[in-house]
Each structure stands twice: as C-alpha cells, then as structure tokens.
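Observations on chain architecture
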Amino acid sequence: MGEISEMEVMELEVSEECPVKQVELTVPKTDDPTLPAVTFRMWVLGLAACVVLSFVNQFFWYRRMPLTVSSISAMIAVVPIGHLMARTLPHRVFFKNTRWQFTLNPGPFNMKEHVLITIFANSGAGTVYASHVLSAVKLYYKRELTFLPALLLMTTTQVLGFGWAGIFRKYLVEPGEMWWPSNLVMVSLFRALHEKEKRPKGRTTLNQFFLLVLVSSFAYYVVPGYLFSKLAAFSWVCWLAPKSILVQQLGSGLNGLGIGSFGIDWATISSFLGSPLASPWFATANVAVGFFLVLYVMTPLTYWFDVFKAKNFPIYSSDLFKSNGEKYDVLSIVDANFRLDKKAYAQNGRVHLSTFFAMTYGIGFATLAATVVHVLLFDGRGIWGQTKSAFKGDGKIDIHTKIMKKYKLVPTWWFLVILVLNIALVLFICEYYNATLQLPWWGVLLACAMAFFFTLPVGIIFATTNQAPGLNIITEYVIGYLYPERPVANMCFKVYGYISMAQALTFISDFKLGHYMKIPPRSMFMAQVVGTLVAVLVYTSTAWWLMAEIPNLCDTSLLPPGSPWTCPSDRVFFDASVIWGLVGPLRIFGVEGEYGNVNWFFLGGAIAPFLVWLAHKAFPKKEWIRLIHMPVLLGATSIMPPASAVNLTSWLIAGFLSGFVVFKYRPDWWKRYNYVLSGGLDAGTAFMTVLLFLALHTNDISLLWWGNNEEGCPIAACPTAKGVTAVGCPVIT
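An account of the accompanying structure is given in this report. (Residues numbered from 1 in each chain as written. Predicted model: local features only at pLDDT ≥ 70, side-chain atom pairs only at ≥ 80, totals over all residues. Heavy atoms only, no water.)

Considerations on the packing of helix 4 (residues 71–88) against helix 5 (residues 111–124)
Viewed as axis vectors pointing N to C, helix 4 and helix 5 meet at an angle of 140°, and their least axial separation amounts to 9 Å. Compared by their axis directions, helix 4 and helix 5 come out oblique. The handedness of the crossing between helix 4 and helix 5 is right-handed. Of helix 5, the residues touching helix 4 (which contributes S71, A74, M75, V78 and V79) are H114, I117, T118, A121 and N122. (Axes fitted to C-alpha atoms, helices over the stretch in contact; angles between N-to-C directions. Helix = DSSP H or I, 4+ residues; strand = E, 2+ residues; numbered from the N terminus. Parallel < 35°, antiparallel > 145°, perpendicular 65-115°, else oblique. Left-handed = near helix turned anticlockwise from the far one by under 90°. Contact = heavy atoms within 4.5 Å.)

Okay, structure coming up:
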C-alpha cells in the first residue's frame, strides 16, 4: 500500500477536531518529539514486566481459580521504579558522537518510555491460547509432544497476527473513526500518572483521584473477595422460595436467568466484557437489548415449551448429556488412536446439550453472519474509499494522524516478510509433526484465509464498540465438517484461524494506543515483536515446568481431594475438541444430530443487518436507527457460558450509569474522571486479588459462614422433566 510522506500531509485535508467526542475529550493533541522512548529504563522495566506477568499468569492458569494479572498492574508498579532509576542511574554517555551513542539515564522518567514498558507488559498479560493445545495433547490425550514443536506452535500462533495487523493498520489505526474505546482508559491513566496540574478548588487532581480510587477499590475488594463473597452474586429472589426450582431458575445469577441478581464486585462486573466504563453507550444499549431478548424471551420460551427436550437438562449449563439427563462420559467414546470410537458412541447414544447452550451456538452463527453483512452495508463504502486513498496518497486525516506523520512508518513489507516466513514455518510444523498435530497443509492455508477474511470486519466492530465477535465457533465448525474425528487438528485449526485474528486485533489496538500517545511506530513495532517472543518463551517454559513438576496435573480423577490444579479452562477447551473435532458438527448440528435447525441462525443473522439498513435508508433522519448494531446485539451473550447472568446484569447497570446518566447529566465530571475511575478500579481490584491469592487462598485459609456460601440457589440447575434424576435435585413426578 502507498505510504504518505510528511510533505504530502500538508496537502491533505486535516480535521483538527476528532470525529469521536470521547477521543476529543480524552486524548491530547500535542507531542514532544524530543522525549526519548527507547531507553535503558524501558528495556529493563519492560522485559522484567513481560517476564513476570508471563510467568505469573501461566502459573495461575492451571489452578481451580485462575488469576489473570493485567498490564495495568505492571503499568502502575513500574512508576516509582522508573522515577527511582531516573534519580540514581549515572548520566554518563557511552559511544559518544557515534551511531551507537546511548546513556543509562537520559533524564526524567517520561510518558513515552512508560507506554513502551506497558506494551511489553501487554505481551505477558493473559495467556497464550495455544497452551490449551499443549495441555490437551500431553495431559488429556496422553500423546507425546516434545518441547521444540510445542514452542514453535505457541510462537507461530502469536506471531501470525503481525501479518494481518500490518495489512489492515491503514483501515483500523489511522482513521479517527476507529477509536478503540478501551485505549482511552490507558490514555487517561498515563496522563494521570505523568501530567502535573494544580489542584482545582474543591476538587482533586487526576493523580489524586486515581490514587483515591485505587486505594478504595483495593480495600473494598477484601469484602467480596474474602469476607462476604455473596456480594459477587447477590441472588435474593431465590430466598423467596427455597424449595421451588422455578423460582430459583428465575432468580439465580450463576445458574439461571438472574432476575434481580446483581454483584457489588468489580471483578464480577468487568471479568468477561471488560470495563463497562470504557463501552460507548450505544454499544451498551445494544448489549442490553440482545441480553434481554436471549435470556428473557428466547430462553424461557424454548425451555418451557421443551424445545430439544430442554426440561431433561438444566436451564443454564455447558455440560454434555445423554438423552435421559445423565452427564455424558466423553472419554468413553475415544479410541486408542484418539479418534471417535463409533461402536462406543452408538452404545452411549447421541450427545445432547442444554437448550440454552445449543441456542448460544446458534446465536454465535447469527453473529458471524451479521458481522460480515453489517460491515459490507454500513462500512463498505468507507473501506473502498480508504483503499483508493491508500494507493493514491490522498484523503482526510485527523489531527493525531497528522502529528504521527513526522515519524518514520513501519514499512508494510516488514509485516509481509513476517507473515510469509511464519506461514512457511507453520506448514513445516504441521507436516513434520502431523502424527501429533493432525492438521494437513491445506488446513493451515484455510485457517489463514479465514483469519485474513474476518480480521477487518471484526476489527471495525471492535474498534468502534469495544465488543469483538469471536471466530472460535466457525473455525471449529468448518474443520469439523471438512476433517472430522481428529480433535487435535480441530484445536490447531482453531488457534491458527481464530487466535491469529485475535492477536492481530491486540497488536492493532496497541498501535492505536501508540498513535494516541505519539510513540514512534518503529519503536512500537520493536517492543511488540520482542515482547511477544519473550512472553511465548516464558509461557511455554512455565507450562512445561508445571507439567513435569506437578503429578497428575489437570487429571481430576487422580488428583487428591481439594487440589487446586484442576485446569478448568483447559478442560473446557478439551471438551470443545471432543464436541467439534471428535464427535463432529455432523453428529450434533447436521443430519445425524438433534440440533440441525440451529443452522437457520446463519440466515437470520445475515438478514438482520439488512433490515436495519433498509430502515435507515427509509428514515434517514432517524439517527437512532443507525445505532442499532446487529453484530453487537446478537453477540451480547456470546460469552455465556462461561459468563453467567449476574455478570451481564451488573455490567449493564454500571454501563448505564456511566455511559448514559453521568455522560449526559455530568459531562464535565465524565470527561475528567470516567476513564481514570475505570483504571483505578481495575488496578485496586487486581492488587488485592493477588494479595488474597498469595496470602490466604494458597494456604487454604478460608472464612466459613453464611455470607461465603454459594449464592443460595442450590436447585437452580435441576432438570424439571418428569422422572429425570440428578444429584441433589428433587425428582418431578
């Protein structure tokens, strides 16, 4: 694609005002190009943050209660260390007057090097999705996998995203309309931690406000996190009728519809959809409508009309069942070659899902179709215009893009070289280790094609709504039909098709953060590449060490009672490989399964955005019609399960208060404090979570009383069909 030089920028139409109000209110339009970004402090603190977060997150990942430490924790922790290094390190200049001139201490600790440190930390935040493949192959399927192919698998899944990011950055970074809402939280925090201001009369400075929120959330989280855990899911409706399954199905926030259930706990609120304070109100409203339609219209109707024998199973569950309501023993249908034992499958019968679980797959189908159609109808012209301007070197840019043109761009061919070399390496891995990984060469190319196709439409939705439809279902679906009865192939196809796209969007989001903070693009690229490679090495080494050191890791049948090493997320990933790879969609959603009609959701999802588009064309003055965003509306419950109703209800309440009430009636307060409040809540909760985990939970120090019991809805997950039995449930006669 064509690159625009600094001289050509002067000939373009430049908008001094950002097209998105939240960006206009939050992101500074200034830059100091003299501030050093790549410094000795940046390397030391950035690499340290990357290594520590990678180790900690992978270590906790296998535990019953996995803990994720975000980059915000590292972002705040390095501030005093950075200032200490600025005061104590010598100012001596090495290799003076040469190309390699550098100093250990270029001056005060500044915002730009702090941003790059945070980019390093981002690489270690969360986990590497491909580690699930390692766990499934070594721990569940008991197959041999040596360290080298495991490291190559982990590395290639992460690095593949660089290629897609480089190709689509012109569309997802430079346009002002692509604003990436969650980045505004980071921008606000950086400004609060670095900008000096006088305290306004009767108010606090941003730094003071951030510290107040951090300390308050840190102190408060000990209540829902340890002293009174019922506050995480306060389901009072269940208490009205302790022996009624119906009432508990309605009121349970964890295993039911969550009517009246709420959580006074930031972890409950933000754990699945991210911070509601970073979500634009129109996106929150779409999530609310979608949540209401799925949970309070579709789910009750399908359950109480007994669609797909719904009453034989819990109203809300992700487990697999036999037709009589018993849980399905999936290991009994795996043969010695780790493929489907058809004889055993015929004896056990078909796999059944709870109706809610089956319908959420249908909603996933609809969301994917809606994503493509919505972007074509509402953003197709803009994409075509950006494509033409990319080659011609003309077009409209905003003030931030104008400022960034003073820095050297990262050449597109850098990304393309990484992409080509990475795909070649993936092909080699899958062919050379085919007996273990099972994925053929054409599967690799198909996964890459799917990632390439969906990165732009999903990226546009993510960049404007802070909600990203996932590709996990469609990737499992496609390879499950084309290459059935091979669970490892299904897993590998999913990580290359889905996670490479997700990684691309992570890299693009980081590019946008650097865009807002005026970080030289080549410095950002360097931090991302180095951080990614270091993090993958630490993740893989940590996982390998834990697999060797902990006896029977993830095997709940052999672990001692109460062991924390139960690997719940890896178990879900393994079960998905059985559903989609071993049994296959043909036997579940095809002619041999119970749920073939769910495929009609694909058509419904494609039609829905078209109806909105027609309404918008028919009534162009009705601006609210344009805000109906079908991919977000339909995808509102895409994270259910593992998320439950209380996560969504609590998130929506907080999103309404921030995005509508405060934004409309206290815009000055919202402009000054909203994103700082979000960052402070994240940081304080994360620090107390780590402290509680290390000080109490690892030593099995618990507080036993009524307030720390489950939510109080013990029979919410019971079946209601006559004669169906389940442990702990009354039998309906």
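Here the narrative resumes.
Quick look at the packing of aromatic side chains
Summed over the entire model, instances satisfying the criterion amount to 54 aromatic pairs. Aromatic side chains W580 and F589 sit 5.4 Å apart centroid to centroid with 20° between the ring planes, which places their arrangement in the stacked category. A residue is classified by how much of its surface remains accessible, and W580, at 0% relative accessible area, is buried. On the accessibility criterion, F589 (2% relative accessible area) is buried. Following the ring pairs from residue to residue traces out a cluster consisting of F308, F357, Y361, F365, Y477, Y481, W580, F589, Y595 and F602. Positioned over the ring face of W544 is K138, at 4.5 Å from the centre of the ring. Against the face of Y483 rests R486, its NZ or CZ located 4.0 Å from the ring centre. (Phe/Tyr/Trp six-rings, centres within 6.5 Å; stacked < 30°, edge-to-face > 60°. Buried < 20%, exposed > 50% of the residue type's maximum accessible area, 1.4 Å probe, protein only. Lys NZ or Arg CZ within 6 Å of the ring centre and 35° of its normal.)

Describing empty space enclosed by the protein
A probe matching the size of a water molecule, rolled over the atoms, marks out where space remains unfilled. Under the criterion given, the structure shown has one cavity of 30 Å³ or more. A volume near 310 Å³ is recorded for the largest cavity. Contributing to the lining of the largest cavity are 21 residues, with R169, V173, E174, L409 and P521 lying nearest its centre. Of all the elements in the fold, those that place two or more residues in the lining of the largest cavity are helix 7 (147–172), helix 16 (399–404), helix 17 (412–432), helix 21 (487–517) and helix 22 (521–549). In terms of residue count, helix 7 provides more of the lining of the largest cavity than any other element does, four residues in total. Here the residues of the lining of the largest cavity sort into 11 nonpolar, five polar and five charged. (1 Å grid on protein atoms, 1.4 Å probe; cavity = no way out; pocket = protein on both sides within 12 Å on 5 of 7 lines; lining within 4 Å. Points joined across faces, edges and corners; volume = space filled by probe spheres on them. Nonpolar A, V, L, I, M, F, W, Y, C, P; charged D, E, K, R; others polar.)

Focus: the pattern of salt bridges
Considering all chains together, one arrives at 12 salt bridges under this definition. The partner of D31 in a salt bridge is K112, and the shortest N-O contact between them spans 2.8 Å. Of this pair, D31 sits in the loop between helix 2 (21–26) and helix 3 (40–61) while K112 sits in helix 5, and the two are 81 residues apart along the sequence. Under the relative-accessibility criterion, K112 is labelled buried at 4%. Residue E592 pairs with R587 through a salt bridge whose shortest N-O separation is 3.8 Å. (Salt bridge = Lys/Arg side-chain N within 4 Å of Asp/Glu carboxyl O.)

Remarks on the state of the cysteines
The bond known as a disulfide is covalent and runs between the sulfur atoms of two cysteines. On inspection of all chains with the given rule, the structure shows two disulfides. Each sulfur of the disulfide joining C718 and C729 lies 2.0 Å from the other. Handedness of the C718-C729 disulfide follows from its S-S torsion of about -85°: it is left-handed. Placement of C718 in the segment after helix 28 (667–695) and of C729 in the segment after helix 28 is noted, with a sequence separation of 11 residues between them. Across the pair, C729 and C718 agree in class, each one buried. Summary of cysteine pairing: C430 is not part of a disulfide, and the nearest cysteine sulfur, belonging to C492, is at 5.8 Å. No disulfide involves C448; its nearest neighbouring cysteine sulfur is the one of C430, lying 9.5 Å away. (Disulfide = S-S within 2.5 Å.)

Here we look at helix 24 (residues 600–618)
The terminal C-alpha atoms of helix 24, which comprises 19 residues, lie 27 Å apart, in line with the 27 Å expected from a rise of 1.5 Å per residue. Listing the buried residues of helix 24 in full gives G605, A608, P609, V612 and H616. Viewed along the axis of helix 24, the buried residues span an arc of 80°, placing them on a single side of the element. For helix 24, the exposed residues lying more than 90 degrees away from the buried face are W600, L611, K617 and A618. (Expected span 1.5 Å × (residues − 1). Arc of directions from axis to C-beta.)

Focus: the environment of E485
By the secondary structure assignment, E485 is in the loop between helix 20 (472–482) and helix 21. Note: C-alpha distance between E485 and S577 (92 residues apart in sequence) is 9.5 Å. When near neighbours in sequence (up to four residues on either side) are disregarded, E485 contacts F338, R339, L340, K342, G581, L582 and R587. Within polar-contact distance, the side chain of E485 engages the side chain of R587 at 3.0 Å. (Polar contact = N/O pair within 3.5 Å; in protein donor to acceptor, adjacent residues only side chain to side chain.)

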